[in-house]
Amino acid sequence: MADHMEGEGTLLEQQPKDASSSESKTDVTVTEEKKRWGDVEFDDDKKDDKVSDAVDISSLKISEEGVVDRAEAVLKSDGVMDAVDSDDSNIRAVTAGDTPYTSAKTFEELNLSPELLRGLYSEMGFEKPSKIQAISLPMILTPPYQNLIAQAHNGSGKTTCFVLGMLSRVDPKIAAPQALCVCPTRELAMQNQEVLVKMGKHTGITSVCAVPTDAGNYVSTSRRGPVNDQVVIGTPGTLKKWMSTKVLSTRHIKILVFDEADHMLAQDGFQDDSLRIIRDIQKNRDDCQILLFSATYDENVKQFTTRVISKANQVFVKKEDLSLDVIKQYLVKCPDELAKVEVLKDRIFPLAEKLGQSIIFVRTRENASMLHSKLEAEGYKCTSIQGGLKLEDRDRVIKEFRTGLTKILISTDVLARGFDQAQVTLVVNFDLPVKHASPDPDYEVYLHRIGRSGRFGRKGAAFNFICNDRDERIMSKIERYFERQVPEVPWDSEDAFEAVLKDAGLA
DNA sequence: AAAAAAC
């Protein structure tokens, strides 16, 4: 096993066992060295554009044996690790400093407190670290507490990484916020806090969720005393508000986490808010450890984050390896926009009933509520969620879905990222994800959406509805980008849908 | 012509 991550340009030897484990993805062209992972462009015209990056991991190559070849000058002072094990595909780590890290086979190796270990085993039911946890936890927990930019597959346990990081770096005896986690949506912030509460049950560490509250539960910032919980998890607006009104002191913050970090640092995401939070904290202490976690980092964001987050250890996954093959993807050509509803009713719903839970993604708030009322009017039981709903309605819809009361949830991209519900087996892209004001697909959102199924190794299926040339172009771009062929299911064949279910291992 | 977010 490639267990060591050593400094000073030491490269790790892959044992034969590791090399052979790439069999789980034989359809992936790992051996095509000409394709540099992480490139946004499919072709390699741009190959020479960014060769001079300080920590350009992409200049590493994987040879046929799965061995990491020595990169030219780039990694002279960096440690490299290429981890491949039964988990699945390659995760690639590059360290920024001289600190050697050893990947953690067990949670015991991490010097966690007994209380925290107890939380991991008895509350969370974990046995051993997943791959991303094995690699990133030593990086997070070993002094001098370097920054980290981490990428790992959807549903692979990223939340555990940063929650564990926060819990073990925080001192429960100090009644002041020491860890801060910034999330893109209210739902995700609340979900993350629930994980933290559960995992930290025996630690005595307390936390608070900094998210908007509905009028009924509203506490004005002027009346709210300063936060004295050790961990704060929230969304940018509320966090900024709390910080500016001194409700949240940043003086003791020593670990700052961005969940869905690519979105939090993207220009058309929360870049401004995030940078302000970073600067605000660094004003007080420049040794605050910053952790970035996401399943996706497009090339722009990757460039930006590596520039903005200094001296960061990096853990990345090739984009071709990112598409989870446990989630079977299909496309359904619908004759027209109206037929999409029929396909949903006649083909998807009968399956969905037997299969657990489903999420139907649409592009706009309006589409969400229109589709919802249309289906409801015809007697189908489903709910919908989007950012325009009242907070209490959002909470109720989520709760009903969490408890399994509702099986089918229509959603905008408010739930595209991070939402973790093990019972979700089916995702439908009723509208394909497209970038704003552009004919291009949003590859990242696509991956995040379908990743709502197949959580932690479970099986899942995703149906993409296509009803015009534009959709076809978008879909084929997605196929090329992730190097996956997405087979068609004929919309008018009930048998075909049944067969597909079997194929996906869900029948 | 977007979603999200205490705008």
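Analysis parameters
Residues numbered from 1 in each chain as written. Chains lettered and ligands numbered in written order. Predicted model: local features only at pLDDT ≥ 70, side-chain atom pairs only at ≥ 80, totals over all residues. Heavy atoms only, no water. UniProt positions renumbered as here; feature names shortened; annotations may be inferred. Helix = DSSP H or I, 4+ residues; strand = E, 2+ residues; numbered from the N terminus. Buried < 20%, exposed > 50% of the residue type's maximum accessible area, 1.4 Å probe, protein only. Salt bridge = Lys/Arg side-chain N within 4 Å of Asp/Glu carboxyl O. Near = heavy atom within 4 Å. Polar contact = N/O pair within 3.5 Å; in protein donor to acceptor, adjacent residues only side chain to side chain. Contact = heavy atoms within 4.5 Å.

The sites that carry the UniProt feature "domain: Helicase C-terminal" (unreviewed entry) are, in the present numbering, residues 326-497. Segment residues 326-497 splits into 41% helix and 19% strand. End C-alpha atoms: 18 Å apart.

This paragraph deals with the side chain of Gln-289. Mapping Gln-289 onto the fold places it in strand E10 (residues 289-294). Residue Gln-289 is classed as buried on the basis of its relative accessible area, which comes to 0%.

Moving on to the pattern of salt bridges. Side chains that carry opposite charge are capable of pairing whenever their charged atoms lie near each other. Applying the stated criterion across every chain yields a total of 25 salt bridges. Of the charged contacts in the structure, one is a salt bridge between Lys-201 and Glu-123, with a shortest N-O distance of 3.8 Å. Taken together, the residues Lys-201 in the loop between helix H5 (186-199) and strand E7 (207-210) and Glu-123 in helix H2 (residues 114-123) connect sequence positions 78 residues apart. Salt-bridge contacts for Glu-187 lead to Arg-186; the nearest nitrogen and oxygen are separated by 3.9 Å. By the burial criterion, Glu-187 is buried, and Arg-186 matches it. A cluster of three or more residues bridged by salt bridges with shared partners is formed by Arg-186, Glu-187, Arg-394 and Asp-395.

In the region of DNA strand B, 24 residues are neighbours, and Pro-212, Tyr-218, Thr-238, Gly-387 and His-436 sit closest. Taking the atoms of DNA strand B that fall within 4 Å of the protein, sugar and phosphate contribute 52% of them. Backbone polar atom of Gly-237 to a phosphate oxygen of DNA strand B: 2.8 Å apart, as the coordinates give it. The backbone of Thr-238 places a nitrogen or oxygen atom 2.2 Å from a phosphate oxygen of DNA strand B.

Let's shift gears to the UniProt feature "short sequence motif: Q motif" (unreviewed entry) in chain A. Residues annotated by UniProt as "short sequence motif: Q motif" (unreviewed entry) correspond here to residues 105-134. The span residues 105-134 shows a helical share of 47% and a strand share of 0%, and its end C-alpha atoms are spaced 6 Å apart.

In this section: the side chain of Thr-305. Tracing the backbone shows Thr-305 in helix H9 (residues 299-308). Apart from residues no more than four positions distant in its own chain, Thr-305 is found in contact with Ile-149, Leu-265 and Leu-292.

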